[in-house]
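Topology and contacts: notes
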Amino acid sequence: MKKTNLWQHICTLLLCMSVCTSTLAQWQISAKNFDPNNYYGVTVANGMVGITSSPDPLKVKEIVLNGTFDTYGRGRVANIMKAFEFANMELIIDNQMINRNNISNFVQTIDMQNAIFTTTFDMGSKASIKSNVLALRHLPHSALVEMEITAKQDLEFTPISIMQTPDMLRDVQNFFHTIDRPHSLIPLMTSVAKTPTGKHTIAASNSFLFEEERGKEPQLIHEEWDNGMHRMKFTKKLKAGETYKFSVVGSVISTAHVTDPHNEAERLTIFAALEKRERLLKKHKEAWAKLWESDIIIEGDDEAQRAARFSLYNLYSFCREGQAYSLSPMGLSGLGYNGHVFWDTEIWMFPPLLAMKPELAKSLLEYRFERLQAAKYNAKAHGYQGAMFPWESDDSGQESTPVWALTGPFQHHITGDVGFAFWKYYQVTKDKNWLKDRAYPMLKEVADFWVSRVEKGNDGKYHIINVVCADEWAENVDDNAYTNGMAKEVLGFANQAAKELGLPENPKWKEVQDGLVILKFPDGTTREHASYNGEPIKQGDVNLLSYPMKQITDPATIKKDLDFYWKVLADNLPGRKGQSPAMAHGVFSILNARLGDTETAYKQYMDSYKPNEVPPFGVLAETAGGTNPYFSTGAGGYLQTLINGWGGLDFTDAGIIQLKTKLPKHWKSLTLKGVGVEKKTFVVK
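No experiment lies behind these values; they were computed from the predicted model shown. (Residues numbered from 1 in each chain as written. Predicted model: local features only at pLDDT ≥ 70, side-chain atom pairs only at ≥ 80, totals over all residues. Heavy atoms only, no water.)

1. So, the overall build of the protein
Rule in force here: Helix numbering and strand numbering both begin at the N terminus, where a helix is a DSSP run of H or I of at least 4 residues and a strand a DSSP run of E of at least 2. With the radius of gyration taken over C-alpha atoms, the globule rule is written as 2.2 Å times the number of residues to the power 0.38. Exposure classes here rest on a 1.4 Å probe applied to the protein chains alone. A residue is buried below 20% of its type maximum, exposed above 50%, and partly exposed in between. Note on contacts: a residue pair qualifies if any of its non-hydrogen atoms lie within 4.5 Å across the two residues. Per-residue and other accessible areas were derived by the Shrake-Rupley procedure at a 1.4 Å probe size, with only the shown protein chains allowed to occlude residues.
Within the protein, the regular secondary structure consists of 15 helices and 28 strands. For 685 residues, the compact-globule estimate of 2.2 N^0.38 gives 26 Å, and the protein sits close to it at 27 Å. C-alpha atoms of the protein, sized along the principal axes, occupy 90 × 75 × 50 Å. By the burial criterion, 61% of the 685 residues in the protein qualify as buried. At a minimum sequence separation of 6, the contacts of the protein that also span at least 24 residues come to 68%. Carbon together with sulfur atoms contributes 51% to the accessible area of the protein, which is approximately 26,200 Å² in total.

2. Observations regarding the side chain of asparagine 79
For clarity, the cut-off: Here a polar contact is taken to be a pair of N or O atoms separated by no more than 3.5 Å, where protein atoms must pair a possible hydrogen donor with a possible acceptor and residues adjacent in sequence count only if both atoms sit in side chains.
Topologically, asparagine 79 is positioned in strand 5 (residues 78–82). In terms of polar contacts, asparagine 79 uses its side chain to reach the side chain of asparagine 338, at 3.3 Å.

3. Re the sheet that holds strand 2 (residues 43–45)
Hydrogen bonding along the main chain pairs the strands of a sheet, whether they run parallel or antiparallel. Using the following cut-off: In short, DSSP must find at least two bridges between two strands for them to pair. Here the axes come from fitting lines to C-alpha atoms, over the contacting stretch only for helices, and the angles between their N-to-C directions go from 0 to 180 degrees.
The antiparallel open sheet is built from 4 strands, whose spatial order is 2-3-4-5. Pairing within the sheet leaves two strands with one partner each, and these edge strands are strand 2 and strand 5. Taken over all neighbouring pairs, the strand axes of this sheet differ in orientation by 30 degrees on average, direction set aside. Here strand 4 (residues 60–71) runs beside strand 5; their pairing, made up of 5 bridges, is antiparallel. Residue leucine 65 lies in a different strand from strand 5, and its bridge partner there is methionine 81.

4. As for the pairing of strand 6 (residues 85–93)
Most of strand 6 sits out of view: 8 of its 9 residues are buried. In terms of strand pairing, strand 6 meets strand 12 (residues 155–164) through 7 bridges, oriented antiparallel. Counterpart to glutamate 85 in the pairing with strand 12 is glutamine 164.

5. Quick word on the packing of helix 12 (residues 555–568) against helix 13 (residues 583–595)
Note the threshold: If you view the pair so one helix is near and one far, a crossing is left-handed when the near helix is turned anticlockwise from the far one by less than a right angle, and right-handed when it is turned clockwise. Gly is placed with the polar residues, together with every amino acid not listed as nonpolar (Ala, Val, Leu, Ile, Met, Phe, Trp, Tyr, Cys and Pro) or charged (Asp, Glu, Lys and Arg).
At their nearest, the axes of helix 12 and helix 13 sit 11 Å apart, and the two run at 145 degrees to each other. Read as a crossing pair, helix 12 and helix 13 show a hand that is left-handed. Contacts from Pro555, Ile558, Lys559, Leu562, Tyr565 and Trp566 of helix 12 reach helix 13 at His585, Phe588, Leu591, Asn592 and Leu595. When its residues are assigned to classes, the contact of helix 12 with helix 13 shows 8 nonpolar, 2 polar and 1 charged.

6. What to know about the confidence of the model for the protein
The condition is simple: Across the chain, each position has a pLDDT score giving the predictor's confidence in that residue, from 0 to 100.
Within the protein, residue pLDDT values average 95, and 96% of them lie at 70 or more. Scored below 50 in pLDDT, residues 1–22 shows 2 contacts in the model against residues more than four places distant or in partner chains.

7. Remarks on the sheet that holds strand 15 (residues 201–210)
Taken in spatial order, the 9 strands make up an open sheet running 1-8-9-10-11-19-15-14-13, and their pairing is antiparallel. At either end of the open sheet lies a strand with only one pairing partner, and these are strand 1 (28–32) and strand 13 (170–181). Put simply, the sheet's adjacent strands are angled 15 degrees from each other on average, direction ignored. Here strand 1 pairs with strand 8 (residues 104–111) via 5 bridges, running antiparallel. The partner of lysine 32 across the bridge, within strand 8, is valine 107.

8. Considering the packing of aromatic side chains
Just so we agree on the cut-off: Classification of ring pairs uses Phe, Tyr and Trp, with its six-membered ring standing for Trp, and accepts pairs whose centres are within 6.5 Å; under 30 degrees between planes counts as stacked, over 60 as edge-to-face, and the remaining range as tilted. Lysine and arginine charges are scored as sitting over a ring when NZ or CZ, respectively, is within 6 Å of the ring centre and within 35 degrees of the ring normal.
A complete count under the given rule lists 46 aromatic pairs for this structure. Between the aromatic rings of tryptophan 288 and tryptophan 292, the centroid separation amounts to 6.3 Å while the plane-to-plane angle is 35 degrees, which identifies the pairing as tilted. Neither residue differs from the other here; tryptophan 288 and tryptophan 292 are each classed as buried. On the numbers, 5.8 Å between centres and 85 degrees between planes, the contact of tryptophan 343 with tryptophan 348 is edge-to-face. Here tryptophan 348 falls in the buried class, since its relative accessible area comes to 5%. Among the aromatic residues, ring-to-ring pairing joins Trp27, Trp288, Trp292, Phe310, Tyr313, Tyr316, Phe318 and Tyr630 into one connected group. Lying across the ring of tryptophan 288, arginine 137 places its NZ or CZ 5.5 Å from the centre.

9. Quick look at the nonpolar core
Threshold: Remark: nonpolar core denotes a set of buried residues (Ala, Val, Leu, Ile, Met, Phe, Trp, Tyr, Cys) joined through side-chain atoms within 4.5 Å.
Membership of the largest hydrophobic core comes to 194 residues, with the highest contact counts inside it found for Ile296, Trp343 and Leu642. What isoleucine 296 contacts, discounting residues up to four positions off in sequence, is Gln305, Ala308, Arg309, Leu312, Met356, Leu639, Leu642, Ile643, Leu670, Thr671 and Leu672. Listed in part, the 13 residues of the second largest apolar core include Leu136, Leu139, Ile186 and Ala273.

10. Focus on the pairing of strand 11 (residues 142–151)
Of all the 10 residues making up strand 11, 8 are buried; the element is thus mostly covered by neighbouring parts of the structure. When strand 10 (residues 127–135) meets strand 11, the two strands line up antiparallel, connected through 9 bridges. Within strand 11, the position partnered with lysine 130 by the bridge is glutamate 148. Of the pairings in the sheet, the one linking strand 11 to strand 19 (residues 243–254) comprises 9 bridges and is antiparallel in character. Among the inter-strand pairings, threonine 150 is bridged to a residue of strand 19, identified as threonine 243.

11. Section: the pattern of salt bridges
Just so we agree on the cut-off: For salt bridges, the criterion is a side-chain nitrogen of Lys or Arg within 4 Å of an Asp or Glu carboxyl oxygen.
Taken as a whole and judged by the stated rule, the model has 40 salt bridges. A salt bridge links lysine 610 to glutamate 613; the shortest N-O distance between them is 2.9 Å. Within the structure, one salt-bridge network assembled from shared partners comprises Glu90, Glu223, Arg231 and Lys233.

12. Examining the side chain of serine 589
As for its placement among the helices and strands, serine 589 is situated in helix 13. At 3.5 Å, the side chain of serine 589 forms a polar contact with the backbone nitrogen of tyrosine 605. If near-sequence neighbours (up to four positions away) are discounted, serine 589 is found in contact with Ala601, Gln604, Tyr605, Thr641 and Trp646.

13. Some points on the environment of valine 341
With respect to the helices, strands and loops of the structure, valine 341 is situated in the loop between helix 3 (302–318) and helix 4 (343–356). Along the primary structure valine 341 and methionine 330 are separated by 11 residues, whereas in three dimensions their C-alpha atoms are 9.7 Å apart. With residues near it in sequence (within four places) discarded, valine 341 still touches Ser326, Leu327, Tyr367, Arg368, Trp391, Glu392 and Ser393.

14. What to know about unusual backbone geometry
Note that the residue after tyrosine 547, namely proline 548, is joined by a cis bond; omega there is 10 degrees. Residue position: proline 548 is located in the loop between helix 11 (507–515) and helix 12. Geometrically, the link from proline 629 to tyrosine 630 is a cis peptide bond, its omega value of 0 degrees lying close to zero. A positive phi angle is found at leucine 58, which is not glycine, with a value near 65 degrees.

15. Here's the deal with the packing of helix 8 (residues 413–429) against helix 10 (residues 481–500)
Convention followed: Roughly parallel means an angle under 35 degrees; roughly antiparallel, over 145; roughly perpendicular, 65 to 115; everything else is oblique.
In the contact formed by helix 8 and helix 10, the axes pass within 9 Å of each other and the chain directions differ by 40 degrees. As judged from the angle between their axes, helix 8 and helix 10 are oblique. The element helix 8 and its partner helix 10 pack so that their crossing is left-handed. Together, His413, Gly416, Asp417, Gly419, Phe420, Trp423, Lys424 and Tyr426 of helix 8 and Tyr482, Thr483, Met486, Glu489, Val490, Phe493, Gln496, Ala497 and Glu500 of helix 10 make up the contact between the two elements. In the contact of helix 8 with helix 10, the residues fall into 8 nonpolar, 5 polar and 4 charged.

Next up, the structure:
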């Protein structure tokens, strides 16, 4: 080989290594040398089971089970349930138990592309250990833990699989038995318990998966410690240089899903065990590869790329196609906000999913539709017609806001938000059958609610009296801009839906839509509510009339409203940083980007997520300096800055269109891949 060719070959190799390293960095986030007392875990989830990491090696913080609620704790209201911690491990090497103090090179990594949480560490000169934790995407109730131990010297090790019961579960029963067949031995460690009031039964089961053929696997020992925990273990010797691999597969389910969770948890674990590790991993990765066919690609800013993928990863993790569960502000990362569903879903998390994965967005709407009867009862209980959705919704769809919060009885814009999302889904998909069966029945009830909710004033106009604003610091006020604006939007959508289906339009819906007031200050600035005079605001309210609504479309008025309310946003006031939620900044960024003020929009874009990142993975807290991650609502708001702000995508009667926008100066391009039902690609350069 000539010197020139050799040099070119080396340069090409180095370039390839650089590109591969950069690409890897865009898909992986690692944590090392972290403070265990200032640690906010990352979650692997599959829309049903959420597993959040711990600063302790081979442990998880908690496992959350979607759809399973019972009353305990905060506010005397229903709370999403923790499940049995069936993914915890302990490891003894040469009679020494692994812990944070006797290991080195401790690194935790989340691989967003494959939704795998990896832990690696060394135990002195004895061994190197690697574990992977997966919430299996193709099996909603199951998870997999892969273990790999490499001996640096001759040693004996004992891995222990632990089944631990969270404190709030009661009447715990532990079971152990073995399915013994000529081709396979499946040890089953199972726990069954009642939720706090006995409303549900939860069951979890797990099993070791061995690589050896039947008859050569290690001898297992089961230990019953107490009602709260039992363990399954084996002991094995390794020679220096040898590597040993095994796995643990587990499943968790409740009477919220099936009538017999005890047997079903074991059946699901047996199914996964006989699928074996390679097939489980293959199908899990294939399912995630399908999700990532819809992606956001930012050229010229690796940090923005990481943040975009991390937000998408979390939203994809917290929901799944073909079910009727919605999104809590904290997703499946923990018990924040009791796992309840707010406007956070329809206004903040739903739009990015509608753009990137309409099939996931559809599941969120099905959650609301299945609870329409509860909303109709709620309306009647308050003296109204139609459907009145609760501010905080649990599995039943009934009001679950703690009684000390006035948002429950008075934050009525949520009903408009639900109807808004239903129409947006139709705009994007043009699914006429769904419009007939789901959207129009929903929009009709929503419109009827607003007709019964408004009051006609002496001015001949319609008013909405006594509400809590989208800016929640404004309680029990009249004619809130956001509430009135959203009511006007959905009243119009209800008549559009009727027209699409060849049904008669409702003249009363039209009359109220046209007659509802949006108040103004003398200089033309939109007034947040009838008694508002420039007080600090928690979050944008008026500005949402320009996006995602189209109640205010004049650029001069949009700019006037942006400038006014940006100055009174709490985060921008002395001594009040950290009082506004993440998405408050996002809507300002989107509107300024659409107006062409790239510099201001970029600053607000950065404010929409960067101050809210907490160590060691950069998961999002609700507010700057906050401590309640993962804030999925913030991820939704942040993704809208990319998709609907810089990307210019807009949901219209013509489907998804792209407005003309300019990127931040240092970005080379923004690509939105796999958008909508047609999986289109949109590019901004």
